[in-house]
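Geometric and topological summary
Residues per chain, in single letters:
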Amino acid sequence: SSECLQPSGSDWADGDSMAGFDGLDGLDGIIGGAAGQLDDEEYLQGFEDLTPFEVEYFVRDLKEFKLEDVGGSSWLTHHEKTEKLNWTAHNQAKEGYDEYVVDQFNTGEKIPTLIFDLMLIEVWKEKIWPLVKAKIAKFSSLRTYIPVYHEATAVNLLEICLYHRTSCEEAGDALVDLVDYCVRKLRHLLATPNDELVRQVTDAKEVADWDSVRALDEQFKECEFQVCMCVISILRFLTDHRVAIPLAVTTRLLETHDVLLLLVPLMEKAPWVRKNKINGRVEKFEEHKWQRVEQEDEGRLPKLHTQVWLTIYNLVMDAECRSRYELSSFRRENLLRLRRYINEVVVDQLPPLTNLHRTLEEMSISGQFTGAGQGANPAVATPFVVELVAEAREALLRTYDGRWQEIADLQLLEVLVKETPAELKRLGQMISIPKEFLEAEPLGDPPQAGEGGGLTSSNSRVAQSSWDAAGQLASVCSTASFFAAARWPDVPVDEVLLLSAPEQPTPVVGERLKLELRRTRCTLLSTLRGSTSAQHRAVSDAALLARRAGEEGVSFLMAFDAQALELDQSSARTLSFVSQKGANRSAEQLHQLLTKPGRESLLQMYSEDVAEFSVAVGRVVAGGEECLDISHVPGLFLSR
């Protein structure tokens, strides 16, 4: 690599080149460095619970969309309403308020509509998403993320509703679709190794090397995992209210899908527990995010583990289910595997498992269910000659069979197009941001001293000061500006440049410090915080997108990737585009400079994914040549 990516004097000094450069310098002060720097309050709309009148209007307005409508303007409005209904319903359940959101869904008979919405977005993700993701990957993160995130919103709202028996009754035959959906998610959990369900990233450089499509795939997998966790709770609620749901649903659970053959291996696999690869701590997935398990809580059952136990208990101990579940030798052995997990610690937390354990012991002796009570009957064949089918999903697959590419092309032409600044701002305001999120951003636990490579607060302070000094050098700012502007206008609004120093001998006075610039997406930086939930991620993305909507082309984002510094969305800073002489510019102006005849090699150099350059190291003196003061070099922690 060259010593510096900055255009040398010879590159810009002759004739028209220099004239053009000086002409742009004549614009000094026209584009202020504060352009686009507006307060969060102008963009972020704090969210408060919907009133009963708003809830009634929103629920009544819910309707079934077509596949080609997903991502369109009316569908985005539908997502916004669903999002607000979800937040309000959760807050009512959490605070013990009157749950009029759930009541309105039941009164308006909208539970089947919500289930259809879930089937629609699942089919879209399965059939259309693979065909369009490569072309929309460079759009704003929310434009590509909202359709994927909508499934989490819908299933989360459905989870709140189905906690109530009346909602299960109102859902009726639509529950057949929902049961099939739940089973598909459980099979995904079982078929995918735990370390592939949600990737743990231990190195920021690994994330920075992902291209836009890979970034979308990782977000997709993370959101899919959170949806699967909600499905476990939904299954538990369906078995809680089994007597209130159609008999066809019970048949679907026990005979068509035999969910017990899925639940027992799922409990053994326990995808909701993991070991953090950075600090070695055990973590559990609760409240839609990964949380550290403290030493005194290691014997406490995770909530999702409890949900699986209760689902199995409901199915095995229900007299009607036992009469319909014919015990083959394979099914019997599957259930008997549960005995090893029922011990005093588990029973103390779930006393009903005492009865389940006794039933399993009796089954191991007699070979069949015993002691189920007076309602217990020998296994009987299903009375159904014709079973109910998953109507919503089957109708969607039948309607659009063979037209998937046609729908994808139509959406790329009319729906999934690059946004205007006004559309970006609207997308940012579409995610509901509750008051508590504005008061304190929900980030994960900060690294403790001695964890994650032995970071200490003193090291972090020294490193921050040193990297701030490096990042303020005029040569670094202008190199980063040209690097950010080289791909204009095809630049994601959330692109962030990572400034780092490759492993190298520590330079002394008179030598040069090697630096690197790499492109990544700001939303990817939160991947490093495994404890951030999909909801928190969406809120964070919305806040970022709303701010960047007014700054696009005027400023760019840059963060430091260094050993002693934490790297996440909050570490990305906004910098104004500047020329080689330090004058404020726009991305378009810098791009025009790079595209002038004779500068093809410069444009190609700045357009790469990684830019390598160097800065001088010395002692800063007034009026002297710009350099990084030698006192800052130790704080860069160059030895890895």
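Residues numbered from 1 in each chain as written. Predicted model: local features only at pLDDT ≥ 70, side-chain atom pairs only at ≥ 80, totals over all residues. Heavy atoms only, no water.

**Here's the deal with the sheet that holds strand 8 (residues 555–560)**
- Reading across the sheet, the six strands line up as 9-8-6-7-10-11 and stay open at both edges, with mixed pairing between neighbours. Because the sheet does not close on itself, it has two edges, and the strands there are strand 9 (573–576) and strand 11 (628–629).
- Note: strand 6 (residues 495–500) against strand 8, four bridges, orientation parallel. Of the residues in strand 8, the one forming a bridge with Val 496 is Leu 557. (Pairing = 2+ DSSP bridges. Helix = DSSP H or I, 4+ residues; strand = E, 2+ residues; numbered from the N terminus.)

**Notes on the pattern of salt bridges**
- Enumeration over the complete set of coordinates arrives at 33 salt bridges.
- With a closest N to O distance of 3.9 Å, Glu 56 and Arg 60 form a salt bridge. Taken as a pair, Glu 56 and Arg 60 lie in helix 4 (residues 52–61) at a separation of four residues, close to a single helical turn.
- The exposure class assigned to Glu 56 is partly exposed, which follows from its relative accessible area of 35%.
- Note that Lys 125 and Glu 151 form a salt bridge whose closest N and O atoms lie 2.2 Å from each other. In this pair, Lys 125 is assigned in helix 7 (residues 111–136) and Glu 151 in helix 8 (residues 141–162), connecting sequence segments 26 residues apart. Side by side, Lys 125 and Glu 151 carry an identical accessibility label, which is buried.
- Among the ionic contacts, a cluster of salt bridges with common partners joins Glu 122, Glu 126, Lys 127, Arg 184 and Arg 393. (Salt bridge = Lys/Arg side-chain N within 4 Å of Asp/Glu carboxyl O. Buried < 20%, exposed > 50% of the residue type's maximum accessible area, 1.4 Å probe, protein only.)

**Some words on the side chain of Arg 518**
- Tracing the backbone shows Arg 518 in strand 7 (residues 512–521).
- By relative accessible area, which is 2% here, Arg 518 ends up buried.
- A distance of 2.9 Å separates a polar atom in the side chain of Arg 518 from a polar atom in the side chain of Ser 500. (Polar contact = N/O pair within 3.5 Å; in protein donor to acceptor, adjacent residues only side chain to side chain.)

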